[in-house]
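Structural features, examined
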Amino acid sequence: MSKKRQRKPVPFARGFKVPAQSDIHKALGAFDNTTLSGVFDERFYETFDGLSSPKKPWDWLAQYTERGQTYAEHLQLSRTLHTPASSHRNSIYLTILGEVNSTIFDIDSLVDYTQRYFQIPVKLIHPFTNFQFDDKTHEWSCQNTGDKIRTINLYTRYDDKSKHSQIHVSSILNALTKVVPNDARCLVALTMCDLYSDDTDLFIAGLARGNNRVAVFSLYRYDPYLSFNESDWFSCKIKIGSKSKSAVEKRRNLLLLRACRLLTHEICHLFGIAHCIYYSCLMNGSGHLDEDFSQPLFECPIDLRKLHTLIEFNIHERYEQLLEFFKTHNFDNEMRILQIKLNVINHSIDSDTSSTKRKRGRHINTDEIDESHSSIKHTKC
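These numbers were taken from a predicted model, which means no experiment stands behind them. (Residues numbered from 1 in each chain as written. Predicted model: local features only at pLDDT ≥ 70, side-chain atom pairs only at ≥ 80, totals over all residues. Heavy atoms only, no water.)

1. Some words on the layout of surface pockets
Computed from the structure, the largest pocket encloses a volume of approximately 1,100 Å³. As for the largest pocket, its lining consists of 41 residues, of which F203, S286, G287, H288 and L289 are closest to the centre. Looking at the lining of the largest pocket, the elements with two or more residues in it are α4 (60-63), β10 (206-209), β12 (226-228), α8 (245-270) and α9 (289-293). By residue number, the principal contributor to the lining of the largest pocket is α8, which donates 6 residues. Split by residue class, the lining of the largest pocket holds 18 nonpolar, 13 polar and 10 charged. Counted as a void, the second largest pocket has a volume near 720 Å³. Looking at the second largest pocket, it is lined by 34 residues, and the ones nearest its centre are S52, S280, S294, Q295 and P296. Tallying contributions element by element places helix α12 (residues 332-364) first for the lining of the second largest pocket, with 6 residues. Tallied by class, the residues present in the lining of the second largest pocket amount to 13 nonpolar, 10 polar and 11 charged. (1 Å grid on protein atoms, 1.4 Å probe; cavity = no way out; pocket = protein on both sides within 12 Å on 5 of 7 lines; lining within 4 Å. Points joined across faces, edges and corners; volume = space filled by probe spheres on them. Helix = DSSP H or I, 4+ residues; strand = E, 2+ residues; numbered from the N terminus. Nonpolar A, V, L, I, M, F, W, Y, C, P; charged D, E, K, R; others polar.)

Here is the structure:
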């Protein structure tokens, strides 16, 4: 009888050190805020999955040696990125480059999710118009919508046989840097056009310039109806799928889910949050799209603390708002995971409330305390 051949485990990249539990605790840091420490406890940490080992040789941690970023390191970085002089920058701006098929891409829901996730205003603006492809020059271009209208040529590569084109990301980033609103924490462009950065690229999902507070990301490769091979950048095809209402809704929801993951991950980078190596986390890196699609929508406790320090939101209320979004869009897996986290937080809140009531009751009934233990009267609750 033949034995089933077992696959050899895929090793981490040479030099990568898998964090020990002590490293994770150190990365999270100590708490001096009693409100936060009531949320960040062992039961809450247990609702997060640990870091996964690579499954394929081209997975993120099979290729790259990441060192991670502790809460303290991000706190130090954020003090240089977010200064009193930039305190007026309290909005995230999004813009769409080119046409978007509203039957498959729900931009309004993406804006809604981003605002729930970051708990600050998210505004959709239109600084460019006439985004079009020139059949003669085989180049994309657009026009700005300012006082002095001018044409912006976007460097493009084009394949004659397939008629497929890709825009160089630097062309878009250069245009974005000139139209960043004064109160913007960042300006992010989304497009259904394919992107590249180097001639050797099959494609890139996008690129950010943190110092300029701009980024651009393509959702072209995130369409579940797209098929492509790994050898030629121009070998892409959108399959003809069912036009039934349920099939269109499924495609639309899956693209939205993937867009939510991509956009929040990249905006976190613009906020100075580096890749995570401590948990299975929104901020894990990805070596390919399959790995990207398998990653969670939630940040780990360490990155949650970083984000909370930057924005100072109510963690419980934020989770409630995200849960409502997941229910609306039938994100069943995310809904289940988040409900578990909320149950733990609600239990901690109830426990703290009951404990506070007991302490206050004991403090008020001072007549029942024996004079020999009068020092208890002065104990702070």
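2. Digging into the environment of I104
Its location among the elements puts I104 in the loop between β1 (91-97) and α6 (107-118). Classification of I104 as buried rests on a relative accessible area of 9%. As a C-alpha pair, I104 and V248 span 144 residues in sequence and 6.9 Å in three-dimensional space. Residue contacts for I104: discarding those within four places in its chain leaves D223, R251, R252 and L255. (Buried < 20%, exposed > 50% of the residue type's maximum accessible area, 1.4 Å probe, protein only. Contact = heavy atoms within 4.5 Å.)

3. Regarding the confidence of the model for the protein
Mean pLDDT over the protein: 88, with 90% of residues reaching 70 or higher. Residue range residues 355-381 is modelled with pLDDT below 50. Its contacts to residues more than four positions away, or to other chains, number 10 contacts. (pLDDT = per-residue confidence, 0-100.)

4. Details of the sheet that holds strand β3 (residues 128-134)
With antiparallel pairing, 3 strands are arranged side by side in an open sheet as β3-β4-β5. Taken across any chain shown, the strands that pair with only one partner, and hence form the sheet edges, are β3 and β5 (151-154). Each strand axis lies, on average, 25° off the axis of its neighbour in the sheet, ignoring direction. (Pairing = 2+ DSSP bridges. Axes fitted to C-alpha atoms, helices over the stretch in contact; angles between N-to-C directions.)

5. Focus: the nonpolar core
Ranked by size, the top nonpolar core spans 76 residues in total, and within it F44, F118, F271 and Y319 carry the most contacts. No other element matches α8, which puts 10 residues into this core. Setting aside chain neighbours within four positions, we find F44 in contact with V39, L304, Y319, K341, V344 and I345. Ranked by size, the runner-up nonpolar core spans 23 residues in total, among them Y93, W140, I167 and A189. (Core = buried A, V, L, I, M, F, W, Y, C linked by side-chain atoms within 4.5 Å.)

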